[in-house]
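In case you want the letters, here they are:
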Amino acid sequence: MAEQTTFPESTGTPGALPAGPPGGPGPAAEERPDKPDAAVVRDALGVGVAVGLSGFAFGVTSAGSGLSLLQTCVLSLLVFTGASQFALVGALAAGGNPYTAAAGAFFLGIRNAFYGLRLSQLLDLPRAVRPFAAHWVIDESTAVTLPQPTRRAARIGFTVTGLTLYVLWNLTTLVGALGAEALGDTDAWGLDAASPAVFLALLAPMLRSTVERVTAALAVVLALTLLPVLPAGVPVLLSALAAPVVLFLMGRAKGSSAGAGGDQGRGDSGGHGNRESHGNRESHGADEDLGADEDRGADEDRGNAAERKKRGERSI
């Protein structure tokens, strides 16, 4: 691997990722020690193996939906995003139009584009490699890459997770499609829940601040509420509305507190101005008194001088 480099946006320890998210506290860059390569590889392999094995469920589901072995394997090779693949074959199994099913899967996969915006900055890969790396930008590779303390660790985590998951997902998809009849009903095995469960386990430790936890909880409530009334995949997209809602409420709360602080500040400045005016009046009065005393003293001195002059003239 290349020598550890400094992230452009980091101002702390060289090679350190930026501090915690804007919405809440997080460990400072200089407080995050380097992570051994072996530990990064171990974590990435754990995620890749756990999620990759759930390709069995997709292979079985796809074959049960009427797709051929070739179609099932091509989907895993070229699409490679589990949620979109399950949404597509699920819509087809329910008798939906293929174009409508493909459109739903496409919009569900748009989230990976937003992952890529962040990962491209963290990984800073050569231009020739980016198109190939983009194919591995999914939920799991993003979840493993973002918490890494250095760019080197981020690259290792992304590469190992993406490679392991891609190989295992496609192999288990093939095996699942071939053994669909022997395996039987996938709902009885619960394999379709393996991928979401692993992703939630990765996501939970990253919710450090209260704002992040509230946003996640609101997203879960939205998804569960809309699930019975909307087509598959749509509740997940609409649950993203939780983020702007929480940001809007935070902005209003900050605006209210800022307004209250401004009113108090104006009251303080008014009182300060009154005190200054009172002090100016007192100072002006003191100056007048001092000037009057000086004038009286000068008049007395002139009177005394005149009286001495008269006494001198009479004595002569």
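In what follows, the structure referred to is the one given above.
Just so we're clear, the structure is a prediction, and the values are computed from it rather than from any experiment.

Once that is clear, we can look at the overall build of the chain. Of the regular secondary structure elements, the chain holds 15 helices and zero strands. If you sum the accessible surface of the chain, you get close to 18700 Å²; carbon and sulfur atoms cover 65% of it.

Turning our attention to the packing of aromatic side chains. By the definition in use, this model includes five aromatic pairs. On the basis of an interplanar angle of 40 degrees and a centroid distance of 6.4 Å, the ring pair of Trp136 and Tyr166 is categorised as tilted. Of this pair, Trp136 sits in the loop between α7 (130–134) and α8 (139–145) while Tyr166 sits in helix α9 (residues 151–178), placing them 30 residues apart in sequence. Just as Trp136 is buried, Tyr166 falls in that class too. Among the aromatic residues, those joined into a cluster by ring pairs are Phe58, Phe86 and Trp169.

The next subject is the packing of helix α2 (residues 55–64) against helix α4 (residues 82–93). Two numbers describe how α2 lies on α4: the axes approach to 9 Å, and their chain directions differ by 20 degrees. Here α2 is positioned roughly parallel relative to α4, judged by the angle of their axes. The element α2 and its partner α4 pack so that their crossing is left-handed. Packed against α2, whose contacting residues are Ala57, Phe58, Thr61 and Ser62, the element α4 presents Gln85, Phe86 and Val89 at the interface. Of the residues assigned to the contact of α2 with α4, the class counts are four nonpolar, three polar and no charged.

Working note: α-helix, 3.6 residues per turn, so residues spaced by three or four point in the same direction. Along helix α3 (residues 69–78), the positions that sit buried rather than exposed are Thr72, Cys73, Leu75 and Ser76. One side of α3 carries all its buried residues, which in axial view fall inside an arc of 155 degrees. Of the exposed residues in α3, those oriented more than 90 degrees away from the buried face are Leu70 and Leu78. Considering only its buried residues, α3 is in contact with α2, α4 and α9. Immediately beyond the C-terminal end of α3, within one or two residues, lies Phe80, with a positive phi of roughly 50 degrees.

So, about the environment of Ala102. Mapped onto the fold, Ala102 is located in helix α5 (residues 98–109). Along the sequence, Ala102 and Val89 sit 13 residues apart, while their C-alpha atoms lie 9.2 Å from each other.

Next up on the list: a nonpolar patch on the surface. A grouping of Val229, Leu230, Leu238, Leu241, Val245, Phe248 and Leu249 is seen on the molecular surface, where their side chains present a nonpolar patch of about 630 Å² in accessible area. If one sorts the elements of the nonpolar patch by residue count, helix α15 (residues 242–315) sits on top with three residues. Relative to the helices and strands, Leu230 resides in the loop between α13 (210–226) and α14 (234–238). On the accessibility criterion, Leu230 (30% relative accessible area) is partly exposed.

Further remarks concern unusual backbone geometry. Residue Phe80 is not a glycine yet carries a positive backbone phi of 50 degrees. At Asp124, a position not held by glycine, the phi torsion is positive, near 50 degrees. You can see Asp124 is positioned in the loop between α6 (111–123) and α7.

Let's shift gears to the side chain of Asp139. Looking at the secondary structure, you find Asp139 in helix α8. Polar contacts involving the side chain of Asp139 include one to the side chain of Tyr115, which spans 2.8 Å.

Turning our attention to the nonpolar core. Residues Leu75, Phe80, Leu123 and Phe158 are the most contacted members of the largest nonpolar core, which totals 28 residues. Contributing elements (two or more residues each) for this core: α1 (37–52), α4, α5, α6 and α9. The greatest single-element share of this core, amounting to eight residues, is contributed by α9. Residues contacting Leu123, with those up to four places away along its chain left out, are Thr145, Arg151, Ala154, Arg155 and Phe158.

Attention shifts here to the packing of α6 against α9. Following both chains from N to C, one finds α6 and α9 inclined at 125 degrees, their axes separated by 9 Å at the closest point. When the axis of α6 is compared with that of α9, the two are oblique. Contact residues: α6 offers Leu119, Gln121, Leu122 and Leu123, while α9 offers Arg151, Ala154, Arg155 and Phe158. Within the contact of α6 with α9, the residues separate by chemical class into five nonpolar, one polar and two charged.

The rules we used
Residues numbered from 1 in each chain as written. Predicted model: local features only at pLDDT ≥ 70, side-chain atom pairs only at ≥ 80, totals over all residues. Heavy atoms only, no water. Helix = DSSP H or I, 4+ residues; strand = E, 2+ residues; numbered from the N terminus. Areas by Shrake-Rupley, 256 points an atom, 1.4 Å probe, with all protein chains shown as cover. Phe/Tyr/Trp six-rings, centres within 6.5 Å; stacked < 30°, edge-to-face > 60°. Buried < 20%, exposed > 50% of the residue type's maximum accessible area, 1.4 Å probe, protein only. Axes fitted to C-alpha atoms, helices over the stretch in contact; angles between N-to-C directions. Parallel < 35°, antiparallel > 145°, perpendicular 65-115°, else oblique. Left-handed = near helix turned anticlockwise from the far one by under 90°. Contact = heavy atoms within 4.5 Å. Nonpolar A, V, L, I, M, F, W, Y, C, P; charged D, E, K, R; others polar. Arc of directions from axis to C-beta. Patch = residues over 30% accessible without salt bridge, like charges linked within 9 Å, V, L, I, M, F, W, Y side chains within 5 Å. Salt bridge = Lys/Arg side-chain N within 4 Å of Asp/Glu carboxyl O. Polar contact = N/O pair within 3.5 Å; in protein donor to acceptor, adjacent residues only side chain to side chain. Core = buried A, V, L, I, M, F, W, Y, C linked by side-chain atoms within 4.5 Å.

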